[in-house]
Amino acid sequence: MANTATSMYFDGTDNCFLTVSDTTIGDFGDDVYPGPFCMEMWVNHSTHSPRAGLLSRRTASQSSTTAGGWFLNVRDSGAIQLGGSFNGTWFDNTGIDCSGPYGTTTGKWYHLAVQRIGRPGVYTIHVNGILKVTKYLDASANHMRGQDGDKLCIGNNSFSDEGTTEFNGYMDALRVSKVARYGNIDIPTTQLKTWQAAGRGQNALLPHHTKLLIQANSTTTTSSTIVDQSAFGHTV
């Protein structure tokens, strides 16, 4: 469910992004949390040149192969990319990349879901409910490890502002959970909850799995207040 009237709008200028104060949110480094996760959202981007940051947990210009963190962005080609520190390699212009015929274009709503399934090394990208990319990496090396003070950032490739990756456009129904949803994913048609029942293409999701949930509170009202609707109520 996405609506330009009530979703989060980012104008693409410096410092127009959000951070989550709890530094454990989005810490998916295999040294801290080696399990499955799912990051999902509705996105409508106005530009993706040179790239548009969606989510990240890393320091600006940090490209360490062991503690560089991670980022999720729209590349200049329109491809959805999960990059960062994987397998002792820094993925920047390569990575877990949904490119080719599965890229995105400006001015349209897309539902995105990025997962790690089961163990470090297996990653997937869904676009509009359809599995587009599965990437298998060596699980023995480090995956997505960052630094202790890193924060989850919404709308930039770094919480300390990378300067060239500001997101310009709309986001809605952003949910980060420590559980993976296998198979094809039904596109949400209503507001998300902190839980979901197991069914076609999805695992059971319990409230404690959902670490962050940000979405429009209705389809008719507007607000400048950003509220985490998960049980944890993180400050954004």
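Whatever comes next refers back to the structure up there.
Residues numbered from 1 in each chain as written. Predicted model: local features only at pLDDT ≥ 70, side-chain atom pairs only at ≥ 80, totals over all residues. Heavy atoms only, no water.

K.L.:
Looking at this model, I keep getting lost on the packing of aromatic side chains. Mind explaining?
P.N.:
For any two aromatic rings, the description comes down to two numbers: the centre-to-centre distance and the angle of the planes. Under the criterion given, the structure shown has nine aromatic pairs. Among the aromatic side chains, those forming a connected cluster through ring pairs are F28, Y33, F37 and W70. Between K178 and the ring centre of Y33, over which it is positioned, the NZ or CZ distance is 4.3 Å. (Phe/Tyr/Trp six-rings, centres within 6.5 Å; stacked < 30°, edge-to-face > 60°. Lys NZ or Arg CZ within 6 Å of the ring centre and 35° of its normal.)

K.L.:
Would you take a moment to explain the nonpolar core for this structure?
P.N.:
Soluble globular proteins tend to bury their nonpolar side chains together. Within the largest apolar cluster, 40 residues are counted, with the highest numbers of intra-cluster contacts made by M39, L54, W70, L72, L82 and M171. Looking at this core, the element that brings in the most residues is strand 3 (residues 37-45), giving four residues. (Core = buried A, V, L, I, M, F, W, Y, C linked by side-chain atoms within 4.5 Å. Buried < 20%, exposed > 50% of the residue type's maximum accessible area, 1.4 Å probe, protein only. Helix = DSSP H or I, 4+ residues; strand = E, 2+ residues; numbered from the N terminus.)

K.L.:
When you look at unusual backbone geometry in this model, what are you seeing that I'm missing?
P.N.:
Where the residue is not glycine, phi is negative for most of them; where a peptide bond is considered, it is trans in most cases. The phi dihedral of N128 falls on the positive side, at around 50°, and the residue is not glycine. For N128, a relative accessible area of 29% translates into the label partly exposed.

K.L.:
Could you clarify how one ought to interpret the environment of Y170 in this entry?
P.N.:
Relative to the helices and strands, Y170 is located in strand 12 (residues 168-177). Placed 128 residues apart in sequence, Y170 and W42 show a C-alpha to C-alpha distance of 8.1 Å. With residues up to four places along the chain from it excluded, the contact list for Y170 reads T4, S7, M8, Y9, W42, V43, N44 and W109. (Contact = heavy atoms within 4.5 Å.)

K.L.:
Looking at this structure, I do not really get the pattern of salt bridges. What am I missing?
P.N.:
Side chains that differ in charge, positive against negative, can pair when their charged atoms come close. Under the defined criterion, the tally for this structure stands at five salt bridges. Its salt-bridge partner being R145, residue D30 comes within 2.9 Å of it at the nearest N-O pair. Placement of D30 in the loop between strand 2 (18-19) and strand 3 and of R145 in the loop between strand 10 (130-136) and strand 11 (153-154) is noted, with a sequence separation of 115 residues between them. Assessed through its relative accessible area of 15%, D30 is described here as buried. (Salt bridge = Lys/Arg side-chain N within 4 Å of Asp/Glu carboxyl O.)

K.L.:
Any chance you could explain the pairing of strand 6 (residues 80-86) here in plain terms?
P.N.:
In summary, the side chains of a regular strand alternate between the two faces of the sheet. Burial within strand 6 is extensive, with seven of its seven residues counted as buried. Taken together, the five bridges between strand 5 (residues 70-75) and strand 6 define a ladder with antiparallel strand orientation. Each bridged residue has a counterpart across the sheet, and for F71 the counterpart in strand 6 is G83. Between strand 5 and strand 6, which pair antiparallel and follow one another directly, the connecting turn spans four residues, one of which, G78, has a positive phi of 95°. (Pairing = 2+ DSSP bridges.)

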